[in-house]
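Structural overview for review
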Amino acid sequence: MVRRAIVASALPFLVLTSSTTVRAGAERATWLDAYREPAARIIGEAVGSTFAWQRLSVLTDSIGNRLSGTPALERAVAWAAAEMARDGLENVHTEKVMVPHWVRGAESAEIVAPTRHPIVMLGLGDSVGTPPDGVQADVVVVHTFEELDAKGSALRGRIVLFNVTFTNYGETVRFRSAGPSRAARLGAVGMLIRAVGPAGLRTPHTGALQYSNDAPKIPAAAIASEDADRIQRMADRGDKVVVKLAMQAHFEPDAESANVVGEIRGRELPNEVVVVSGHLDSWDVGAGATDDGGGCVVSWEALRIMKKLNLRPRRTVRVVLWTNEENGGRGGLAYRDQHRAELGNHIMMMESDSGVFRPLGFGFTGSDQARDKVRAIATLLSGIGADQVTPGGGGADITPATQDGRIPAMSLEVDGSKYFLIHHTPADTIDKIDPIEMAKCAATVGVMAYVVADLPERLQ
Ligand SMILES: [Zn+2]
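Concerning helix α3 (residues 51–63)
Compared with an ideal rise of 1.5 Å per residue, which puts 13 residues at 18 Å, α3 spans 18 Å between its outermost C-alpha atoms and is within 8% of the ideal. Every buried residue of α3 is listed here: A52, R55, L56, S57, L59, T60 and I63. Each element contacted by the buried residues of α3 is listed here: α4 (71–87), α8 (289–308) and α13 (435–454). Immediately downstream of α3, the backbone of G64 shows phi near 90°, a positive value.

Structural notes on the sheet that holds strand β8 (residues 220–223)
Strands belonging to one sheet form pairs held by backbone hydrogen bonds; the direction of such a pair is parallel or antiparallel. The mixed open sheet is built from eight strands, whose spatial order is β3-β2-β9-β5-β6-β7-β8-β4. Two strands in the sheet have a free side with no partner beyond their single neighbour: β3 (117–119) and β4 (121–123). Here the strands of the sheet are splayed against their neighbours by 30° on average, with no regard to which way each runs. Relative to β8, strand β7 (residues 190–194) runs parallel, the two being bridged by four bridges. Following the sheet pairing, I193 is matched in β8 by A222. Of the strands in this sheet, β6 (159–162), β7 and β8 touch helix α6 (residues 169–185), which is tilted by about 150° from β7. Across the sheet, helix α7 (residues 225–236) is in contact with β2 (107–113), β3, β5 (135–142), β6, β7, β8 and β9 (242–247); its angle to β3 comes to roughly 135°.

Quick look at the packing of helix α2 (residues 36–47) against α13
In contact at an axis separation of 8 Å, α2 and α13 are set at 155° when each is read in the N-to-C sense. The orientation of α2 relative to α13 falls into the category roughly antiparallel. Both α2 and α13 take part in a crossing whose hand is right-handed. Each of P38, A39, I42, I43, A46 and V47 in α2 lies in contact with α13, whose residues at this interface are A439, K440, A442, A443, G446, V447 and Y450. Across the contact of α2 with α13, the residue classes tally to eleven nonpolar, one polar and one charged.

Describing the pattern of salt bridges
It is possible for side chains bearing opposite charge to pair when their charged atoms get close. Counting across every chain of the model gives 33 salt bridges. Notably, a salt bridge pairs R55 with E83, separated by 3.0 Å at the nearest N-O pair. With R55 in helix α3 and E83 in helix α4, the pair connects residues that are 28 residues apart, well separated along the chain. Given the relative accessible area of 15%, E83 is considered buried. D337 is the salt-bridge partner of R340, the closest N and O atoms lying 3.2 Å from each other.

Overview of the coordination of the zinc ion
Listed as protein donors to the zinc ion are H279 (NE2), D291 (OD), D353 (OD) and D353 (OD); their distances from the metal cover 1.9 to 2.6 Å. For the zinc ion, the single-chain donor residues occur in sequence as H-x11-D-x61-D. Linking D291 in helix α8 with D353 in the loop between β13 (346–351) and β14 (359–365), this pair joins segments that are 62 residues apart in sequence. With relative accessibility at 4%, the residue D291 sits in the buried group.

A few points about the sheet that holds strand β11 (residues 269–279)
Read across the sheet, eight strands follow the order β1-β10-β12-β11-β13-β16-β14-β15 without closing on themselves; strand pairing throughout is mixed. Taken across any chain shown, the strands that pair with only one partner, and hence form the sheet edges, are β1 (90–103) and β15 (388–391). Each adjacent strand pair in this sheet contributes to an overall mean axis angle of 25°, direction not counted. The pairing of β13 with strand β16 (residues 409–414) spans three bridges and is parallel. Paired with E351 across the two strands is S411, which belongs to β16.

Description of the layout of surface pockets
The space that makes up the largest pocket amounts to roughly 740 Å³. Lining the largest pocket we find 33 residues, and of these Y169, E325, D353, A396 and H423 sit closest to its centre. Elements represented by at least two residues in the lining of the largest pocket include exactly α6, β16 and α12 (419–422). Looking at the lining of the largest pocket residue by residue, the class counts come to twelve nonpolar, twelve polar and nine charged.

Brief notes about empty space enclosed by the protein
All told, the structure shown has one cavity of 30 Å³ or more when counted by the stated rule. Considering only enclosed or pocket space, the largest cavity measures out at about 50 Å³ in volume. As for the largest cavity, its lining consists of S282, W283, V285, G288, D291, H424, T425 and D428.

A short note on the packing of aromatic side chains
Scanning the entire structure with this criterion turns up ten aromatic pairs. Centroid distance W102 to W283: 6.4 Å. Interplanar angle 85°. Geometry classified as edge-to-face. In this pair, W102 sits in strand β1 while W283 sits in the loop between β11 and α8, placing the two residues 181 residues apart along the sequence. The exposure class of W283 is buried, given its relative accessible area of 2%. Ring centres 4.6 Å apart and planes at 20° place the aromatic pair Y169 and F420 in the stacked group. Note that Y169 is positioned in helix α6 and F420 in helix α12, a separation of 251 residues in sequence. A relative accessible area of 21% means that F420 is categorised as partly exposed. Chaining the aromatic ring pairs together yields one cluster made of F166, Y169, Y419 and F420. The ring of F51 has R304 lying over it, and the distance from NZ or CZ to the ring centre is 3.5 Å.

Focus on the nonpolar core
L280, L321 and M448 are the most contacted members of the largest nonpolar core, which has 78 residues in total. With twelve residues, α13 is the largest single contributor of residues to this core. Judged by nonpolar contacts, the second largest core, of 26 residues, contains V140, F166, Y211 and A215.

Focus on the packing of α4 against α8
At their nearest, the axes of α4 and α8 sit 10 Å apart, and the two run at 20° to each other. By the angle between their axes, α4 is roughly parallel relative to α8. Here W79, A80, E83, M84 and D87 of α4 lie close against α8, whose contacting residues are W300, R304 and K307. In terms of residue class, the contact of α4 with α8 is built from four nonpolar, no polar and four charged.

Conventions and cut-offs
Residues numbered from 1 in each chain as written. Predicted model: local features only at pLDDT ≥ 70, side-chain atom pairs only at ≥ 80, totals over all residues. Heavy atoms only, no water. Helix = DSSP H or I, 4+ residues; strand = E, 2+ residues; numbered from the N terminus. Expected span 1.5 Å × (residues − 1). Buried < 20%, exposed > 50% of the residue type's maximum accessible area, 1.4 Å probe, protein only. Contact = heavy atoms within 4.5 Å. Pairing = 2+ DSSP bridges. Axes fitted to C-alpha atoms, helices over the stretch in contact; angles between N-to-C directions. Parallel < 35°, antiparallel > 145°, perpendicular 65-115°, else oblique. Left-handed = near helix turned anticlockwise from the far one by under 90°. Nonpolar A, V, L, I, M, F, W, Y, C, P; charged D, E, K, R; others polar. Salt bridge = Lys/Arg side-chain N within 4 Å of Asp/Glu carboxyl O. Donors = N, O, S within 2.8 Å, 3.2 Å for Na, K, Ca; no water. 1 Å grid on protein atoms, 1.4 Å probe; cavity = no way out; pocket = protein on both sides within 12 Å on 5 of 7 lines; lining within 4 Å. Points joined across faces, edges and corners; volume = space filled by probe spheres on them. Phe/Tyr/Trp six-rings, centres within 6.5 Å; stacked < 30°, edge-to-face > 60°. Lys NZ or Arg CZ within 6 Å of the ring centre and 35° of its normal. Core = buried A, V, L, I, M, F, W, Y, C linked by side-chain atoms within 4.5 Å.

By themselves, these observations are geometric and do not establish any function.
Laid out in C-alpha cells, this is it:
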C-alpha cells in the first residue's frame, strides 16, 4: 500500500523528468555528434603510435633534467621550438622570461654520533648553504608545528627534524615550505625533513622551501624515510643524535629563459585562444620525466596530431611550455603580463602537471554552464576511460592568467597512485611511464582542446 502510493505520487514527476531528459539528450546530440568523428581520429592517431613517449625519451635522455638557470633548460627550450617548427606548428616562438638561478652544489649529511651513518639527502630548493665546514648539532625530532613551538628555547643551536609521515601532498608539504623559517625563529641552525612522499626505497625528495622575511635563513634538506626512521629510533631510545650537514647551495644572478609557444591558428576566430600546457623546467635530479616533461609532450601532441590529421578548429589552439614552475613560477607570471591585452580572448587554459599515467579525465574550474559543456565533450573520451570531470581544475603556471582573466581553467587528471613516489626524486625517469597510457593522455588533451576550440559558441 505504502509503496503503491509513493509510486503513484511520483508518476507525474517521473514523466516530466524523462521528457526533459529526452529533450536535453536530443539537443546535446546535435552539436556533439559533429565531434564524434574527429574525436575518434584524434584518439586513433594518438594511441596508434608511441610517438609521445619517444619524444619524451629524447628530452629526458639527450637533454636530461632542466633546472631554471641551467644550460640544459635552455637547450630544451631551443629543441622544443625547433621540433615544433618541424611538426608544422604555426607562430612558433619563444617568449623571454628572467628566472632565478639556484645552484645545489655539493651536499651531504651524516649521523656522527652515537655512531656514524651516512644520510641519503637532497637539499631543499632555494635553500642557503652551510658554512664550508658544515653545521654540526644535536637533532631534535618533531612531528607537528605545535610540538615544534612547545620546544621553544630547547631548539637553540639544534638541527630540527620534521619526521612527518606522508598523508597527502597538501598536508605534508607545509612542513617543507614553512618548516625552515618556523625552526629558525626558535634558534635552530639547520632543518631536516622526512622526504615528502610515501616511503620509497631510500629515496629523498627535493622541492622548494619558502623562507619568511622575519626569520634567519637556515640550510634545509630532505632525508630518505629510512634515515628519518633511524634517527627517530635512536631518539626514542634516549640517544643524543648528532648530525653534520654540509651544503654549498647558493643563488647566482637571474638567468634568461623562455616560455615556448606554438599554435594551430583558428580558421574563423584566430584571435580566440585555447591554451594547453606543461612546464619544461624540472628539478635537478632524475630526468624531469613525470614532472613535467610528460605533461609538456602530451599537450604539444594535441597540436601535432591536429596538424597531422589536418584538423583546423574554428579558434586557435596554443601550446605553451612554461619555464620556472618549480622554483619561482616566473613563466606563468610573465605570460599573464605579456598577454594581458588578449586574456579576454582566452577561451580556456589547461595545464597537465600531474603525470601522464592512465588518464581519468579533467579537473575544471569555471561556470556551471561551461562545466556542463565540458562534461558533454568528455563523453567523447569514455572509450579510453578518460571522461571524468571533477571540480578544481588548473595549475600553478596558468593560475596567474586564469585568475586575472577569469578564464575557465582545466587540468589533465590521471591515476595518481605512483606520482608522489617519484615526485622530485632521482627516480623521476621515463621508465616509470607506460607508452600506451601516455598516448591516451595525449588523446585526452587533444580531444578536449580541439572541441573547445571548435565549438560554435565560445565556452563561457
Ligand atoms: Zn610539476
